[in-house]
Amino acid sequence: MTAPELRSVLVVGTGLIGASIGLALRARGLHVYLRDVDAESLAVAVERGAGLPDGERAPVDHAVVAIPPHLAADVVTTLLDEDGISAVTDVTSVKAPLAQAVAGHPGAARYVGGHPMAGREVSGPAGAHHDLFRGRPWVICPPATNGGRPVEMVTQLALLVGAMPVRMSPQQHDAAVAVVSHAPHLVSALVAGRLRDADGTEVRLAGGGVRDITRVAASDPAMWRQILRANALAVRDVLAAVRADL
């Protein structure tokens, strides 16, 4: 059930995650506005029905930042300076550095970190789907000094798109995704690299197991370089443990 206070949302970034959020919220009857520096990506997302171009709009209840991690802090703080936005969240896959960057802003109490644990190997709005988050965890990382309405709004957002809200601290989140997402992706890419250099006769023997192991290696490498750089310490700890196991 839609919470009375969440009626309109601004989504900044119209890639796979941002456009999928727009599609899911539009399906629940919310007003969704889209903003992106990439005019082509924005046009595709609008054409697919993920929302309307930002342009001239009334103040929105909530803003979602769905852009690469290294750009998120500037955009979050800019949105906190805008009038009428009750809460700002993001969907970046590394939380502690962003929480630290926003902590000193006067509007920091309206920021709540978030991360939907969902995705696909394809990127961009063409691969977006309104059911992408259904049944998946959506981590919510409120800063220690934050609570109340902004957290409730982010929780309601997660529920509206069909996700399961899970509360964690930014540090707990980053350690967890290093184990279940970031290090596995890196290992997948390394295995795929070994296959690239393998003899064609050897590769012909590959079965479903190899496809399963290397599937996520098809994701955007530029994005993953940013993710791994942002969460390098936690990923290093996991890789050190894997090395010890070997």
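Refer to the preceding data block for the structure.
Residues numbered from 1 in each chain as written. Predicted model: local features only at pLDDT ≥ 70, side-chain atom pairs only at ≥ 80, totals over all residues. Heavy atoms only, no water.

Moving on, we get to the overall build of the protein chain. When its secondary structure is counted, the protein chain shows 10 helices and eight strands. Against the globule reference of 18 Å for 246 residues, the protein chain gives a C-alpha radius of gyration of 19 Å, in line with a compact fold. Considered along the principal axes of its C-alpha atoms, the protein chain spans approximately 60 × 40 × 30 Å. Out of the 246 residues in the protein chain, the part that is buried amounts to 45%. If you take every contact in the protein chain between residues at least 6 apart in sequence, the share linking residues at least 24 apart comes to 71%. Carbon and sulfur atoms make up 57% of the accessible area of the protein chain, which totals about 12,400 Å². Each charge sign in the protein chain was given a centre, from 22 positive and 24 negative side chains, and these centres are 5 Å apart. (Helix = DSSP H or I, 4+ residues; strand = E, 2+ residues; numbered from the N terminus. Rg over C-alpha atoms; globule rule 2.2 N^0.38 Å. Buried < 20%, exposed > 50% of the residue type's maximum accessible area, 1.4 Å probe, protein only. Contact = heavy atoms within 4.5 Å. Areas by Shrake-Rupley, 256 points an atom, 1.4 Å probe, with all protein chains shown as cover. Lys, Arg positive; Asp, Glu negative; His and termini not counted. Charge placed at Lys NZ, Arg CZ, Asp CG, Glu CD.)

Attention now goes to the environment of Ser8. Here Ser8 is to be found in strand 1 (residues 8-12). What makes Ser8 buried here is its relative accessible area of 9%. Separated by 24 residues in sequence, Ser8 and Val32 place their C-alpha atoms 5.8 Å apart. With sequence-adjacent residues up to four places away left out, Ser8 is seen in contact with His31, Pro59, Val60, Asp61 and His62.

Further remarks concern the pairing of strand 2 (residues 31-35). Two elements, strand 1 and strand 2, share five bridges in a ladder whose sense is parallel. Counted as the bridge partner of Leu10 is Tyr33 from strand 2. In terms of handedness, the path from strand 1 via helix 1 (residues 16-27) over to strand 2 forms a crossover that is right-handed. Where strand 2 meets strand 3 (residues 52-53), two bridges bridge the pair, whose relative direction is parallel. What sits directly across from Tyr33, in strand 3, is Leu52. (Pairing = 2+ DSSP bridges. Right-handed = clockwise from strand over helix to strand, strands pointing away.)

A few words now on the sheet that holds strand 4 (residues 62-65). Spatially, the eight strands line up as an open sheet ordered 3-2-1-4-5-6-7-8, and their pairing is mixed. Edge strands, defined here as strands with exactly one partner in the open sheet, are strand 3 and strand 8 (164-167). Across four bridges, the pairing between strand 1 and strand 4 is parallel. Along strand 4, the bridge assignment pairs Val9 with His62. Packing of helix 3 (residues 69-80) onto the sheet brings it into contact with strand 1, strand 2, strand 4, strand 5 (87-90) and strand 6 (111-116), and relative to strand 4 it is tilted by some 170°. Here helix 5 (residues 149-160) sits on the sheet and contacts strand 4, strand 5, strand 6, strand 7 (137-141) and strand 8; the angle it forms with strand 8, its principal contact strand, is near 145°. (Axes fitted to C-alpha atoms, helices over the stretch in contact; angles between N-to-C directions.)

On the secondary structure map, Asn231 appears in the loop between helix 9 (221-230) and helix 10 (232-245). When its relative accessible area of 4% is taken as the criterion, Asn231 is described as buried. Apart from the residues within four sequence positions on either side, Asn231 is in contact with Val94, Asp174, Val177, Ala178 and His182.

This next bit is on the nonpolar core. Core analysis: the largest hydrophobic core is formed by 34 residues, its most contacted members being Ile21, Leu25, Phe133 and Trp138. The set of elements that each furnish at least two residues to this core consists of strand 1, helix 1, strand 2, helix 2 (39-47), strand 7 and helix 5. The element best represented in this core is helix 1, accounting for seven residues. Not counting the four nearest positions on each side in its chain, Ile21 is found in contact with Val11, Val64, Val91, Phe133, Trp138 and Val161. (Core = buried A, V, L, I, M, F, W, Y, C linked by side-chain atoms within 4.5 Å.)

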